[in-house]
Amino acid sequence: MHKSVGEHMNILVLHGPNLNLLGTREPGIYGVDTLETINEGLRDLAQELGCTVAIVQSNHEGTLVDAIQGALGMAEGILINPAAYTHTSIAIRDALAAVSLPTVEVHLSNIHRREEFRSHSFIAPVTEGQITGFGRDSYLLGLRAVFSLVKKRLSGEPGCDT
Ligand code: CA2
């Protein structure tokens with residue numbers, strides 16, 4: 001069941017494998033923020049925008065697939081950092097394509113400036129767009145993008161590809 005303009009909006013936020021280690025290792029690549037700090041920033045921004053976020057972190061591909069399938073009927077959009085599954089997971093891509101909710105992919109580091117294998121995302125083609133390289137801000141920009149996409153979709157405004 002789809003919601004109409006003015007009804008409450010919930011956005012599913014997914015963090016992939018090893019992101020629970022943020023702030024404890026490799027600060028040179030991933031920054032000093034912990035996952036909890038990032039989540040607090042997302043909850044604060046959601047409140048400011050007038051929506052809620054349901055946040056899941058998992059190190060397991062199937063759990064992420066289950067969360068994406070479970071988004072139908074409980075969330076209007078998805079913000080995802082698939083972490084290493086970005087570069088490997090057809091299962092996550094298929095789940096996102098199946099639910100067909102407005103989705104934005106985010107990365108803390110700039111995946112196009114690192115090892116070549118990180119430049120390829122199996123996820124990007126089934127998302128509205130990708131934000132990469134801005135640390136914690138990637139998530140905040142990504143939440144704004146999902147919020148705006150959902151609002152446009154609910155009001156029947158065409159997207160960039162239509
Ligand atoms: O830059 C990103 O957000 C990534 O999605 C992070 C993934 C990496 O595989 C992607 O290529 C880019 C890795 C997440 C691992 O996070 C750690 C955090 C702290 C310490 C070690 C790993």
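Relevant structure appears above.
So, how was this worked out
- Residues numbered from 1 in each chain as written.
- Predicted model: local features only at pLDDT ≥ 70, side-chain atom pairs only at ≥ 80, totals over all residues.
- Heavy atoms only, no water.
- Pairing = 2+ DSSP bridges.
- Helix = DSSP H or I, 4+ residues; strand = E, 2+ residues; numbered from the N terminus.
- Axes fitted to C-alpha atoms, helices over the stretch in contact; angles between N-to-C directions.
- Contact = heavy atoms within 4.5 Å.
- Parallel < 35°, antiparallel > 145°, perpendicular 65-115°, else oblique.
- Left-handed = near helix turned anticlockwise from the far one by under 90°.
- Nonpolar A, V, L, I, M, F, W, Y, C, P; charged D, E, K, R; others polar.

### Quick notes on the sheet that holds strand 2 (residues 52-57)
Then step 1. An order of 2-1-3-4-5 is seen for the five strands of this open sheet, with the pairing classed as parallel. Because the sheet does not close on itself, it has two edges, and the strands there are strand 2 and strand 5 (129-132). For this sheet, the mean inter-axis angle between neighbouring strands, taken without regard to orientation, is 20°.
Then step 2. Both strand 4 (residues 103-107) and strand 5 contribute to a ladder of four bridges, which runs parallel. If you follow Val106 over to strand 5, its bridge partner there is Ile131.
Then step 3. Its contacts with the sheet place helix 3 (residues 61-70) against strand 1 (10-15) and strand 3 (77-81), and it is angled at close to 170° to strand 1.

### Notes on the packing of helix 2 (residues 35-49) against helix 5 (residues 136-154)
Then step 1. In the contact formed by helix 2 and helix 5, the axes pass within 10 Å of each other and the chain directions differ by 30°. Considered as vectors, helix 2 and helix 5 are oriented roughly parallel to each other. As helix 2 packs across helix 5, the resulting crossing turns out to be right-handed. Contact with helix 2, carried on its side by Thr37, Ile38, Gly41, Leu42, Leu45, Ala46, Glu48 and Leu49, involves Arg136, Tyr139, Leu140, Leu143, Arg144 and Phe147 of helix 5 and no other residues of that element.
Then step 2. The residue makeup of the contact of helix 2 with helix 5, split by class, is nine nonpolar, two polar and three charged.

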